[in-house]
Amino acid sequence: MSYSDRRSRIKEMLVKNLILQTTPDQIADDVPLFGPDGLGLDSIDALELAVGMEKTFGVGVPSSEVAGKALRTVNTIHDYILEKRGATG
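If you're wondering where the values come from, they're calculated on a predicted model, not measured in any experiment. (Residues numbered from 1 in each chain as written. Predicted model: local features only at pLDDT ≥ 70, side-chain atom pairs only at ≥ 80, totals over all residues. Heavy atoms only, no water.)

**Description of the overall build of the chain**
Next up, step 1: A count of helices and strands for the chain gives four helices and zero strands.
Next up, step 2: Along its sequence from the N terminus, the chain presents helices and strands in the succession α-α-α-α.
Next up, step 3: With the principal axes as the frame, the chain shows a C-alpha extent of 35 × 30 × 20 Å.
Next up, step 4: Across the 89 residues of the chain, 35% fall into the buried class. (Helix = DSSP H or I, 4+ residues; strand = E, 2+ residues; numbered from the N terminus. Buried < 20%, exposed > 50% of the residue type's maximum accessible area, 1.4 Å probe, protein only.)

Quick look at the structure:
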């Protein structure tokens, strides 16, 4: 799977699992997922996102510390998935 395809799947997962009122195409790779300057997700959304990552990509988020670093943007989620899977592309 290409980097672009994986980012698209991450965005689709975000929209579907978090029932966002946006489309995957409207989510930039580097937009903050949490806080007022981004998508405005909250702690409940973070849990749903972690569950979605496990189901969709087979990658878990073991702690809130890891989540704080890995779940910042589509790009950080993408990089975290690659790191955990040991994938190169």
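**Thoughts on the pattern of salt bridges**
Next up, step 1: A full pass over the atoms with the stated rule returns three salt bridges.
Next up, step 2: With its nearest N and O atoms 2.7 Å apart, the salt bridge here joins Lys11 to Asp29. Here Lys11, found in helix α1 (residues 3-18), pairs with Asp29, found in the loop between α1 and α2 (43-57); they are 18 residues apart in sequence, far enough to count as distant.
Next up, step 3: Judged by relative accessible area, Asp29 falls into the partly exposed class, the value being 29%.
Next up, step 4: Note that Glu65 is salt-bridged to Lys69, the shortest N-O span being 4.0 Å. Highlighted residues: Glu65 and Lys69, both in helix α3 (residues 64-70), separated by four residues, approximately one helical turn.
Next up, step 5: Because the salt bridges share partners, they merge into one network encompassing Arg7, Lys11 and Asp29. (Salt bridge = Lys/Arg side-chain N within 4 Å of Asp/Glu carboxyl O.)

**Looking at the packing of α1 against α2**
Next up, step 1: Relative to each other, α1 and α2 sit at 130°, their axes nearing to 10 Å. By the criterion of interaxial angle, the relationship of α1 to α2 is oblique. Between α1 and α2 lies a crossing of right-handed hand. Contact residues: Arg6, Arg9, Ile10, Met13, Leu14, Asn17 and Leu18 in α1; Asp45, Glu48, Leu49, Gly52, Met53, Thr56 and Phe57 in α2.
Next up, step 2: Looking at the contact of α1 with α2, its residues break down into seven nonpolar, three polar and four charged. (Axes fitted to C-alpha atoms, helices over the stretch in contact; angles between N-to-C directions. Parallel < 35°, antiparallel > 145°, perpendicular 65-115°, else oblique. Left-handed = near helix turned anticlockwise from the far one by under 90°. Contact = heavy atoms within 4.5 Å. Nonpolar A, V, L, I, M, F, W, Y, C, P; charged D, E, K, R; others polar.)

Geometry only, nothing functional implied.
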